[in-house]
Amino acid sequence: MAGRSCWPNRGRDGTEVITDTDWSGRGLCKSADPDELFVEGAAQNRAKAVCTGCPVRTECLAYALDQRIEHGIWGGMTERERRALLRRRPTVTSWQRLLETARLEHERYAGDRPADAARVLYEAC
């Protein structure tokens, strides 16, 4: 879900400081009409298609899960899919950490091929 500038935040010493939404400006949805991402029914499949191939899909999904966002398409998942995932994995304290770890593990075993962390997580559950 887009919402912030893609420019990284910088600390006093000039080093990049990652915040929860630094990724959002790099999302494929940044140019989409927000009303198209907060839809119901069959329109959700079209909205989810925006996430296909998005470079920050993992970060977006992790943010929505960690923040318990209840509406809209985030990281290629509907609110219903996110609720089901939260119910299946109630002990997860950081979705960001879990999804990043799953993606890195998958890439390590798949010959450094980029992975969709949401798909990797579904396969693992």
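Attention here is on the structure that accompanies the text. Residue numbering note: each chain is counted from 1, following its sequence as written. The model is predicted, so local features are restricted to residues of pLDDT at least 70 and side-chain atom pairs to those at 80 or more, both for listing and for counting; the totals for chains, interfaces and linings are taken over all residues. Heavy atoms throughout the structure, all of them, feed into the side-chain values; hydrogens and water do not.

It is worth spelling out the side chain of Glu-79 at this point. Residue position: Glu-79 is located in helix α4 (residues 79–88). Exposure is judged per residue with a 1.4 Å probe applied to protein chains only, and the accessible area is read against the type maximum: over 50% gives exposed, under 20% gives buried, and values in between give partly exposed. The charge count includes Lys and Arg as positive and Asp and Glu as negative, but it does not include His or the ends of the chains. Here a salt bridge means any side-chain nitrogen of Lys or Arg lying within 4 Å of a carboxyl oxygen belonging to Asp or Glu. Arg-82 provides the closest opposite charge to the buried, unpaired Glu-79, separated from it by 4.6 Å. Residue contacts are counted whenever heavy atoms from the two residues lie within 4.5 Å of one another. Every residue in contact with Glu-79, bar those within four places of it in the chain, is listed here: Gln-44, Glu-70, His-71 and Gly-72. By definition, any uninterrupted DSSP run of H or I lasting at least four residues is a helix, any uninterrupted run of E lasting at least two residues is a strand, and each is numbered from the N terminus.

Within the secondary structure, Ser-94 is located in the loop between α4 and α5 (95–109). Residues adjacent in sequence count toward polar contacts only when both atoms are side-chain atoms; beyond that, a polar contact is any pair of N or O atoms within 3.5 Å, and within protein one must be able to donate a hydrogen and the other to accept it. Reaching out from Ser-94, the side chain makes a polar contact with the backbone nitrogen of Arg-97 at a distance of 3.1 Å.

Right, let's get into the packing of aromatic side chains. We call Phe, Tyr and Trp rings a pair once their centres come within 6.5 Å, taking the six-membered ring for Trp, and we label the pair stacked below 30 degrees between planes, edge-to-face above 60, and tilted otherwise. Here the structure, examined in full by the defined rule, presents two aromatic pairs. On the basis of an interplanar angle of 35° and a centroid distance of 6.0 Å, the ring pair of Tyr-63 and Trp-74 is categorised as tilted. Taken together, the residues Tyr-63 in helix α3 (residues 57–67) and Trp-74 in the loop between α3 and α4 connect sequence positions 11 residues apart. Pairwise contacts between aromatic rings join Trp-23, Tyr-63 and Trp-74 into one cluster.

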